[in-house]
Amino acid sequence: MTSTVRRVTFRVSRERALDLDGEVWYAGPVDAPIRSGVSAETLAELRDAVEAIKHFVLGVAEEVAVIVEYVYDLPGVSPEVWQAHRELRDRLCEAGLSEDDRAELLLSA
């Protein structure tokens with residue numbers, strides 16, 4: 001039996017929440033048959049919300065592995081900057097740095 005892995009991309013942005021009268025993070029599926037998005041006050045909460053709906057937006061069973069890719073859409077931050085960040089993150093990981101050390105290094109730069 002072969003295992004199927006599905007992929008879905010979510011575009012993440014900052015949006016104005018009228019009910020909260022403030023800014024929230026919003027993630028909407030880019031390439032899914034169901035376009036329901038989620039919002040949250042923090043990125044950690046947003047990722048949890050995306051994890052909760054990823055099977056639903058693809059219309060697949062919970063047993064199916066789903067890999068989520070995030071594309072960030074923030075004013076003043078170009079796609080090239082995000083790509084450079086991903087490449088740096090990957091290189092630091094390949095160099096054997098722990099997640100905590102990578103975060104500390106990037107915060108001190």
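Residues numbered from 1 in each chain as written. Predicted model: local features only at pLDDT ≥ 70, side-chain atom pairs only at ≥ 80, totals over all residues. Heavy atoms only, no water.

S.K.: Got a sec to walk through the overall build of the protein chain? Specific residues and values, please.
M.R.: Each helix and strand counted, the protein chain has three helices and four strands in total. Helices and strands appear in the protein chain in the N-to-C order β-β-β-α-β-α-α. Taken over the C-alpha atoms alone, the protein chain extends approximately 50 × 40 × 25 Å along its principal axes. Looking at the 109 residues of the protein chain, the share that counts as buried comes to 29%. In the protein chain, the share of contacts with a sequence separation of at least 24, taken over all contacts with a separation of at least 6, comes to 36%. For the protein chain, the accessible area works out to roughly 7,700 Å², and carbon and sulfur atoms hold 53% of it. Averaging the locations of the 12 positively and 21 negatively charged side chains of the protein chain gives two centres separated by 6 Å. (Helix = DSSP H or I, 4+ residues; strand = E, 2+ residues; numbered from the N terminus. Buried < 20%, exposed > 50% of the residue type's maximum accessible area, 1.4 Å probe, protein only. Contact = heavy atoms within 4.5 Å. Areas by Shrake-Rupley, 256 points an atom, 1.4 Å probe, with all protein chains shown as cover. Lys, Arg positive; Asp, Glu negative; His and termini not counted. Charge placed at Lys NZ, Arg CZ, Asp CG, Glu CD.)

S.K.: With reference to specific residues and values, describe the environment of arginine 47.
M.R.: Relative to the helices and strands, arginine 47 resides in helix H1 (residues 43–58). Through-space distance from the C-alpha of arginine 47 to that of phenylalanine 10 is 10 Å; in sequence the pair is 37 residues apart. Excluding its chain neighbours within four sequence positions, the residues that come into contact with arginine 47 are Tyr70 and Tyr72. A distance of 2.7 Å separates a polar atom in the side chain of arginine 47 from a polar atom in the side chain of tyrosine 72. (Polar contact = N/O pair within 3.5 Å; in protein donor to acceptor, adjacent residues only side chain to side chain.)

S.K.: Go over the environment of glutamate 87, please, and point to the residues and values.
M.R.: With respect to the helices and strands, glutamate 87 occurs in helix H2 (residues 79–94). Of the residues examined, glutamate 87 reaches a relative accessible area of 37% and is grouped as partly exposed. Remark: the alpha-carbon pair of glutamate 87 and valine 50, spanning 37 residues in sequence, is separated by 24 Å.

S.K.: Can you tell me about the sheet that holds strand S1 (residues 5–17), naming the residues and giving the values?
M.R.: Spatially, four strands are ordered S3-S2-S1-S4 in an open sheet, and the strand pairing comes out mixed. Sheet topology places strand S3 (38–40) and strand S4 (65–72) at the edges, where each strand pairs with a single neighbour. Strand-to-strand twist of the sheet, defined as the mean angle between neighbouring strand axes without regard to direction, takes the value 30°. Direction of pairing for S1 relative to strand S2 (residues 22–29): antiparallel, over a ladder of eight bridges. Opposite alanine 17, over in S2, you have glycine 22 as the bridge partner. The sheet contacts of H1 involve S1, S2, S3 and S4, and relative to S4 the element is tilted by about 130°. (Pairing = 2+ DSSP bridges. Axes fitted to C-alpha atoms, helices over the stretch in contact; angles between N-to-C directions.)

S.K.: An account of the environment of tyrosine 26 is requested, with residue identities and associated values reported.
M.R.: Relative to the assigned elements, tyrosine 26 resides in strand S2. Tyrosine 26 sits in the partly exposed class, given a relative accessible area of 30%. Taking the C-alpha atoms as reference, tyrosine 26 lies 25 Å from leucine 88; in sequence the two are 62 residues apart. Those residues in contact with tyrosine 26, other than ones at most four positions away along the chain, are Arg11, Val12, Ser13, Glu15, Gly37, Val38, Ser39 and Leu46.

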